[in-house]
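Structural overview for review
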Amino acid sequence: MSNQETPKRYLITAALPYANGLKHIGHLAGAYLPADTYVRYLRAQKRDVVFVCGSDEHGTAIPIQATKEGTTAQAIIDKYHPIIEQNFNDLGISFDIYHRTSDPIHHETAREFFQSLNDKGDLITKESEQYFDEKAASFLADRYIKGTCPNCAYPAAYGDQCENCGKSLSPDELINPVSTLSGNAPIKKSTKHWYLPLDRHEAFLRKWILEEHANDWRSTVVGQCKSWIDGGLLPRAVTRDLDWGVKVPETVEGSAGKVLYVWFDAPIGYISATKQWALNNDKDWKPYWESKDTKLVHFIGKDNIVFHCIIFPVMLQLHGNILPDNVPANEFMNLEGDKMSTSRNWKLEMEDYINDFIKPENGGSQMADVLRYYLTLIAPESKDSEFTWKGFQDANNSELVSIFGNFINRALVLMHKLCKGKIPPLHANLLDELDKEAIDNIKATKEKVEKLLEEYKFRDALFEVINLARIGNQYMQKKEPWIVAKQLASNPEAQKLIDNCLHICLQLTANLAILINPFLPFTAKKICYLLKVVDKILDWENAGSMKLLSVGYSLRAPELLFRKIEDEEIIKQVEKLKAAAVNKEPIVSASVGTLPKAGPDSGSEPRASAVKPEIVFDDFAKIDLKVGTIVAAEKVEKADKLLKLQVDLGFETRTIVSGIAMHFKPEDIVGKQVTVVCNLAPRKMRGIESNGMILMAEDAAGKLHFINPETAIDNGSGVS
RNA sequence: CGCGAGAUAGAGCAGCGGUAGCUCGUCGGGCUCAUAACCCGAAGGUCGGAGGUUCGAUCCCUCCUCUCGCAACCA
C-alpha cells in the first residue's frame with residue numbers, strides 16, 4: 001500500500017489533545033513529535049502536505065473541569081487551548097493549523113456529517129435506561145453521578161471512574177448513586193439515542209485491516225484491531241443527553257437536548273481543521289478528504305487505536321471520504337519507573353519542560369531539540385518505553401554534545417585555525433580512499449534516512465543521522481589535519497590535504513543540517529546560521545550534494561550547538577517529580593467491606609481521607625451484620641478475583657460472591673466463620689446473584705483477613 | 001479465564017531461519033583540533049523456561065512463567 005509511487009498530496013493528523021488540562025511528554029512522544037518529524041521531512045521534499053490538529057473541546061470532562069475550577073466550560077477551553085497551542089509551538093511542532101472543535105465551522109461540519117449518515121440510514125436509534133436527575137430535569141453523564149466505589153469503598157467515586165483507586169466504573173456499579181447536580185438520588189429514565197451499527201461493517205474492516213494492511217501497519221495496531229473485531233462489534237452510541245457539545249441537527253426528529261458524543265465529533269475535527277486551513281490559505285479542502293491520490297496518516301497513541309482504525313474509518317467510508325493509509329500508533333512512555341498519570345501527578349508536562357529548559361536563560365530553543373532528540377530516541381514505537389532523566393542527560397551529553405555538536409564545532413574551529421576562516425577549495429586530484437568513503441557515506445545516509453522515515457521508523461532514522469556525525473569524527477581522526485599542519489613549514493603542499501579534509505567536513509556539516517532538520521529543526525537553523533547559508537539549503541534534494549558551501553566564503557565564529565546537562569539539573573528534576581507526585585497508596589483502607597454512607601459531599605477533593613464522613617447511629621443500625629460459616633466455596637469461571645461461597649447464617653444458607661480469590665483458595669476457607677452484611681441488596685456478578693457481603697480487613701501489604709469472632713459462635717449471631 | 005503487546009550483555013533497545021548487533025556504561029590504549037571532547041581495542045549474553053518443526057532457530061509451531069495494556073471484575 002505505502003511505498004508505491006509518490007502520492008499527490010498528504011494529509012497528516014495528530015490526535016486532538018483534550019482541552020481540559022496541560023499535556024505531558026508522553027502525549028508529545030506518542031503523536032505530535034513523530035507527526036511533526038514526518039511532516040517536516042515531507043515539506044523538505046516539497047510535497048503537498050497539510051498537517052492538522054486542534055483542541056478537542058467537547059465531552060463531559062470539560063464541564064467537570066469547569067466545576068472543579070469554579071468556572072464555565074467555555075472558560076476552560078479558552079484557558080487551555082492557547083496554552084497547549086503555545087506549548088506545541090515552543091517545541092517546534094509545526095501544525096499548518098491548530099484548530100478547535102468549539103469553532104462554528106466544526107459544529108457545521110460535524111452536524112452535516114451526522115445528518116448525512118442519518119439520512120442514508122447508516123445510523124440506528126435505540127431506547128435505553130439512563131440515570132436522570134428529576135430536580136435538575138436532566139440526564140446525567142457518567143461523570144455527574146457520584147457514589148461509593150465498589151472497589152475501594154471510596155464514597156465519592158464518579159460514574160465512570162473512581163479517583164481514589166483509579167478503577168474504571170459504569171454508573172450502574174456505584175453504590176447509592178447521587179446526582180452531583182442536585183444531590184438527589186437519580187432515577188432511571190428511558191431515552192432515545194442514535195447508534196453507529198459497527199456490526200454491519202465487520203466484513204469491510206476485516207478485509208481492509210486484517211488483509212490489506214496486515215503487513216504495512218504496525219503489528220501492535222493490527223493486533224489491537226483484530227482483538228476488537230474478533231470480540232464482536234456492537235452498535236455504538238453517537239449521541240448523548242448533554243448541553244455541552246455539537247447539537248444534533250434540529251432537522252432530525254427527536255434532536256432536542258441531544259449532542260454528538262465526543263468521540264463522534266472529535267475526529268471530524270480533522271476535517272473541519274482542514275476546511276479552516278483551506279479558508280485561511282485560499283485552497284480547496286476537498287481533495288484532501290475525498291481524492292484517492294491523497295495519503296492520509298493519523299499519528300496517535302495506542303489508546304486511540306480503536307477510534308482511528310475501526311470507528312472513524314467506518315464513518316469516513318459511509319460518508320464517502322478516503323481512508324487512512326496508515327495509523328502509526330505509538331505505545332506508552334513511562335516515566336522514571338512508573339506509568340505517567342495525571343491523577344497521581346506523575347508526569348512531565350510540556351509546560352514544565354519549557355519553563356525549566358527552553359527559557360532563554362536556560363538554553364533557549366536548542367533545548368527543545370534536546371527533548372525532541374531524546375523522545376525520538378526512546379519513542380515507544382514497538383513497545384512501551386521509559387523516560388528517565390539520567391537517560392535524557394546521557395543522550396544529550398554523550399550523543400548530541402559529544403558526537404554531533406562536537407563534530408560540527410571541531411570542523412568549524414579547525415577551519416578557522418587552518419584555513420583562515422574561509423571554505424577551503426577541494427583538490428580533486430588529491431582525493432584518497434578515505435575522502436571518497438566519507439563522501440559516499442553522506443549519500444548512503446540520505447537514502448537510509450529516507451527509507452526509514454517512509455516506514456515511520458523515526459528512531460532508526462535519527463540514529464543514522466547521528467551516525468553520520470560519528471563517521472565525520474572518525475574521518476577527521478584518521479586524516480589528522482592538525483598533525484598535517486605541522487609539516488607546513490617544510491612542505492607547503494600539505495595545505496592542500498588540510499583543505500580537502502576540511503572542505504569535506506564542512507560540506508558534511510551542511511548535509512547534517514539537512515538530514516537533522518526534520519528531527520531537530522532549531523538545530524538545523526542554527527547550523528545554517530553558523531554556515532551563513534539561507535534556510536533554503538535545507539531542501540531535502542540538496543542532501544548528498546558536496547556543493548552546498550561555496551569555496552572561499554567566510555564563516556561565522558563557531559558557537560556551540562548544545563550545552564552539557566549537569567548532574568544537579570537532573571537531580572533537581574527527579575526530586576521535583578517525586579515531590580509533586582500524589583501518593584497512590586490509600587492512606588487508610590483497612591475496610592474493604594465496610595459500608596460507608598454515600599456522602600452528599602459534592603465538591604470535596606477527590607483524595608482518600610483517613611476517616612470517612614461522620615454518620616449517625618441510625619445509619620449504622622441499618623446494617624444487619626451476622627456471623628455465618630462458609631460451608632462451600634468454588635472459583636467463579638472467567639473471573640480472577642471471584643469466589644462463589646455458600647454461607648450458613650443459621651436461619652438460611654446463602655450464596656455470596658466475594659472478590660477474594662486472589663487471597664484465598666476455596667478449600668482453605670471452608671468452615672471459616674465470617675461476618676456477613678445480610679441486608680445488602682442482591683447484586684449479580686458474572687451472572688451469579690450475590691446475597692450479601694463478607695467483611696474483610698486489608699493490611700498494609702494488601703493482604704485480606706477475615707473479620708470473625710475470637711471463638712466459634714452460633715451461626716446467625718448478630719453483630720453490633 | 002479471554003484478547004493484544006513484550007521478555008535479547010549492567011541499562012536502554014535492534015535483529016526475526018544460517019557464525020548474536022547497536023547506543024550508553026565499564027576496562028585498557030591512542031590522539032590533542034574540539035564542549036575532559038574524539039579515535040582504536042577489550043570484557044560482558046547458553047537471545048524468559050520446556051518441548052517440537054528444520055540440515056540448521058533468538059527468529060517458525062506448541063505449552064508454561066513473568067511484565068504492560070485492553071476487556072472482564074472489584075459487594
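Just above sits the structure.
Residues numbered from 1 in each chain as written. Chains lettered and ligands numbered in written order. Predicted model: local features only at pLDDT ≥ 70, side-chain atom pairs only at ≥ 80, totals over all residues. Heavy atoms only, no water.

A look at the overall build of chain A
Rules: Every helix listed is a DSSP run of H or I at least four residues long, and every strand listed is a run of E at least two residues long, numbered separately from the N terminus. Relative accessibility decides the category of a residue: with a 1.4 Å probe and only protein chains considered, values under 20% of the type maximum give buried, values over 50% give exposed, and everything between is partly exposed. The contact criterion used is simple: two residues touch if any of their non-hydrogen atoms lie within 4.5 Å. Here the accessible surface of atoms and residues is derived via Shrake-Rupley with a 1.4 Å probe, and residues count as covered only by protein chains that are part of the display.
The number of helices and strands found in chain A is 20 helices and 25 strands. Burial status across chain A gives 52% buried among its 720 residues. Here the analysis covers contacts within chain A between residues at least 6 apart in sequence; of these, 73% occur between residues at least 24 apart. As presented, chain A carries roughly 31900 Å² of accessible surface, and 50% of it is formed by carbon and sulfur atoms.

So, helix α2 (residues 61–69)
The set of residues buried in α2 consists of Ile 62, Pro 63, Ile 64, Gln 65 and Ala 66. Positive backbone phi, approximately 65°, marks Gly 70, located one or two places after α2.

Considerations on the sheet that holds strand β2 (residues 49–55)
For clarity, the threshold we go by: Any two strands are treated as partners once DSSP identifies two or more bridges connecting them. Throughout, an axis means a line fitted to C-alpha atoms (over the contacting stretch in the case of helices), and angles, computed between N-to-C directions, take values from 0 to 180 degrees.
Taken together, four strands build an open sheet; the order of strands is β3-β2-β1-β13 and the sheet is parallel. With one partner strand each, in any of the chains shown, β3 (97–100) and β13 (294–299) form the two edges of the open sheet. Each strand axis lies, on average, 25° off the axis of its neighbour in the sheet, ignoring direction. Judged from the four bridges that link them, strand β1 (residues 9–14) and β2 form a sheet pairing that is parallel. Bridged to Ile 12 within β2 is Phe 51. Of the strands in this sheet, β2 and β3 touch helix α3 (residues 73–90), which is tilted by about 170° from β3.

What to know about the packing of α3 against helix α10 (residues 350–358)
Filter applied, for reference: Throughout, the term roughly parallel applies to angles under 35 degrees, roughly antiparallel to angles over 145, roughly perpendicular to angles from 65 to 115, and oblique to all others. In this scheme the handedness of a crossing depends on how the near helix is turned from the far one: anticlockwise by less than a right angle means left-handed, clockwise means right-handed.
Remark: α3 packs on α10, axes separated minimally by 10 Å, with the N-to-C direction vectors making an angle of 50°. Classed by the angle they form, the pair α3 and α10 counts as oblique. Crossing of α3 over α10 shows left-handed handedness. Counted together, Ile 83, Asn 87, Phe 88 and Asp 90 of α3 and Met 350, Glu 351, Ile 354 and Ile 358 of α10 form the full contact between these two elements.

Considering the sheet that holds strand β4 (residues 124–133)
Read from one edge of the open sheet, four strands run β5-β4-β9-β10, paired in antiparallel fashion. A single partner strand is all that each edge strand has here, and the edge strands are β5 (138–139) and β10 (235–237). Pairing geometry for β4 and strand β9 (residues 187–197), over nine bridges, is antiparallel. When the bridges of β9 are listed, Ile 124 appears paired with Tyr 195. Those strands touched by helix α9 (residues 305–319) are β9 and β10, and its axis lies near 70° from that of β9.

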